[in-house]
Amino acid sequence: MSFAIGAPHPMQNSFSRVFAALLSSTLIPGLGVAVTVLVAPAPLLAQSAAGAAIGRQSFVADAVRRAGPAVVTIDTERTVVVPGGPSGGLPRALLMDPLFRQFFGVPQQLPPSQRTERGQGSGVIFSADGLILTNAHVVEKSDKVTVGLQDGRRVAGTVVGMDPITDLAVVRLAGGGPWPVAPLGNSESLHVGDWAIAVGNPFGLDNTVTLGIVSNLNRNASKLGITDKRLDLIQTDAAINPGNSGGPLLNADGEVVGINTLVRSGPGAGLGFAIPINRARQVASQLIASGKVAHPFIGVGLDAVRSRDGGTSAGARVVSVAPNGPAARAGLRQGDVVVAAGGQPVQSPGQLVAMVERAGVGRPLILTLNRGGTELQVSVTPAQLGG
């Protein structure tokens, strides 16, 4: 009878070679049984321990090591003018009291005062030229932008352009670098359940990493009660806290697949949302080229198709038509169901919005409608949103 005691070498192809050199037999008195003992020498035990340590290293560490140096802190300052500011260090409520004014001869109109508001967010360097992607709400109305890098550098930044409708902005670093750059991925290849790694500086705490999964895709901002944005968002349970806005959402390979933008809290865990990087690329390229972004619209409110909508099971149902808008001029009516655009089937309201975006401002788009069971086509020319 034989027993193996000790730690076997992890490399199976070298086990037999080591095995032959390490066997020794001992006769246990009174039993007449030879026990074969295998004892691994110290160097092999050390190699085994090192291998186990490497195996415990998280894939998250590799992903963050790849993109982390390009994640930055964005500090902003802006001067706010407060009308009728306090004077002489006295409380404002006292200065506004009519009896106090009359007795001490305080003027009816107090002089305005100024104060400096500071904000902070995150961003990610996506170009060797020192271009940073972040949220528009991080840098809007700012007078001064300072960017902090992980290597300790603090560099002045200039806002190249921002787009409040998609909540995206591009900031350019002053100087020639060199700058660390994060690799950009493909948000179209994401699946529900994929790993999601949020990196940023929440509450001013630098270089914070949270891990979760992609909880859902194509969450329309309007469904979250955000009516002034045109976004289909990545939903994740990776924690996105104040100050994380503008930082990257990474996949398991350390590629940027989204720009963190907001969190919705409630009973239980909070819900985090990120702008898909493919959308962010498109917006960034327009901001770099012209400082603004084109947003075509046709002037309709849309909803999902219902079973009674003319017998069709897919499309986008028109629930409202803006007066004098492109859709109204083209003859669309409330209750119409858009089943195709530009010859391509429409499966959902979000898909129709994307098709209008691709069509562009001023370019006619043929819509196929189902109106009470009758199919017809109309030509609508998208206009610039807010133009």
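As shown above, the structure is provided for reference.
The shown structure was predicted, so the numbers you read here are calculated from the model rather than taken from an experiment.

Asks: When you look at the packing of aromatic side chains in this model, what are you seeing that I'm missing?
Replies: The description of an aromatic ring pair uses the distance of the two centres, along with the angle that the planes make with each other. Tallied over the full model, the rule gives one aromatic pair. Measuring from ring centre to ring centre gives 5.2 Å for Phe59 and Trp195, while their planes differ by 45 degrees; the resulting arrangement is tilted. Of this pair, Phe59 sits in helix H3 (residues 59–67) while Trp195 sits in strand S9 (residues 195–200), placing them 136 residues apart in sequence. By relative accessible area, which is 41% here, Trp195 ends up partly exposed.

Asks: Just checking my understanding: could you explain the pairing of strand S14 (residues 271–276) for this structure?
Replies: For a regular strand, side-chain orientation follows a simple rule: the groups alternate between the two sheet faces. Judged by how many residues are buried, S14 sits mostly within the fold: five of six residues are covered. Looking at chain direction, strand S11 (residues 232–236) and S14 are connected through three bridges and run antiparallel. What sits directly across from Ile234, in S14, is Ala274.

Asks: Could you clarify how one ought to interpret the sheet that holds strand S7 (residues 154–163) in this entry?
Replies: Within a sheet, each strand pairs with its neighbour through backbone hydrogen bonds, oriented either parallel or antiparallel. Spatially, S3-S4-S5-S8-S7-S6 is the arrangement adopted by the six strands of the closed barrel, whose pairing is antiparallel. Shown here is a sheet whose adjacent strand axes are inclined to one another by a mean of 40 degrees, direction ignored. Both strand S3 (residues 71–82) and strand S6 (residues 144–148) contribute to a ladder of five bridges, which runs antiparallel. Each bridged residue has a counterpart across the sheet, and for Thr76 the counterpart in S6 is Val145. Contacts from helix H7 (residues 277–290) reach strand S4 (113–127), strand S5 (131–134), S7 and strand S8 (168–173) within the one sheet, and its direction differs from that of S8 by about 60 degrees.

Asks: Sorry, what's going on with the nonpolar core here?
Replies: Nonpolar side chains in soluble globular proteins tend to be buried together. Core analysis: the biggest nonpolar cluster contains 45 residues, and Ile125, Ile132, Leu133 and Ile259 have the highest contact counts within it. Once residues within four sequence positions are removed from consideration, Leu133 is found in contact with Gly123, Val124, Phe126, Leu168, Ala169, Val170, Gly246, Ile259, Ile277, Ala280 and Ala284. If you look at the next biggest cluster of nonpolar residues, it comprises 17 residues, including Ala327, Val338, Val356 and Leu367.

Asks: How do you make sense of H3 when you look at a structure like this?
Replies: Since the α-helix advances by 3.6 residues per turn, residues separated by three or four positions end up pointing in the same direction. Taken residue by residue, H3 has Val60, Ala63, Val64 and Ala67 as its buried positions. One side of H3 carries all its buried residues, which in axial view fall inside an arc of 95 degrees. The N-cap of H3, judged by a side-chain oxygen 2.9 Å from the amide nitrogen of Val60 a few residues on, is Ser58.

Asks: Please explain H7 as it appears in this structure.
Replies: Here H7 contains 14 residues, and its C-alpha end-to-end distance of 20 Å stays within 8% of the 20 Å for a straight helix at 1.5 Å per residue. All of the buried residues in H7 are Ile277, Asn278, Arg279, Ala280, Val283, Ala284 and Leu287. Looking one or two residues beyond H7, the residue adopting positive phi is Gly291, at roughly 80 degrees.

Asks: When you look at the side chain of Ser122 in this model, what are you seeing that I'm missing?
Replies: Of note, Ser122 is situated in strand S4. At a separation of 3.0 Å, a polar atom in the side chain of Ser122 contacts the main-chain amide nitrogen of Asn201.

Asks: Whenever I open this one, the side chain of Asn201 confuses me. Can you help?
Replies: Here Asn201 lies in the loop between S9 and strand S10 (208–220). Sequence-distant contacts of Asn201, that is, excluding residues within four places in its chain, are made with Val72, Thr73, Gln120, Gly121, Ser122, Asp206, Asn207, Pro242, Gly243 and Asn244.

Asks: Explanation requested: the pattern of salt bridges in the structure shown.
Replies: Two side chains carrying opposite charge are able to pair once their charged atoms lie near each other. Tallying each qualifying case throughout the model produces nine salt bridges. Note that Arg115 and Glu117 form a salt bridge whose closest N and O atoms lie 2.8 Å from each other. Looking at Arg115, the relative accessible area reads 42%, which means it is partly exposed. Exposure remark for Glu117: the relative accessible area of 23% places this residue in the partly exposed category. Here Asp303 and Arg317 are joined by a salt bridge, their closest N and O atoms 3.4 Å apart. Of this pair, Asp303 sits in strand S16 (residues 300–304) while Arg317 sits in strand S17 (residues 316–321), placing them 14 residues apart in sequence. Asp303 gets classed as partly exposed once you look at its relative accessible area, which sits at 25%. Shared partners join several salt bridges into a network, and the residues in it are Arg78, Arg115 and Glu117.

Calculation rules
- Residues numbered from 1 in each chain as written.
- Predicted model: local features only at pLDDT ≥ 70, side-chain atom pairs only at ≥ 80, totals over all residues.
- Heavy atoms only, no water.
- Phe/Tyr/Trp six-rings, centres within 6.5 Å; stacked < 30°, edge-to-face > 60°.
- Helix = DSSP H or I, 4+ residues; strand = E, 2+ residues; numbered from the N terminus.
- Buried < 20%, exposed > 50% of the residue type's maximum accessible area, 1.4 Å probe, protein only.
- Pairing = 2+ DSSP bridges.
- Axes fitted to C-alpha atoms, helices over the stretch in contact; angles between N-to-C directions.
- Contact = heavy atoms within 4.5 Å.
- Core = buried A, V, L, I, M, F, W, Y, C linked by side-chain atoms within 4.5 Å.
- Arc of directions from axis to C-beta.
- Polar contact = N/O pair within 3.5 Å; in protein donor to acceptor, adjacent residues only side chain to side chain.
- Expected span 1.5 Å × (residues − 1).
- Salt bridge = Lys/Arg side-chain N within 4 Å of Asp/Glu carboxyl O.

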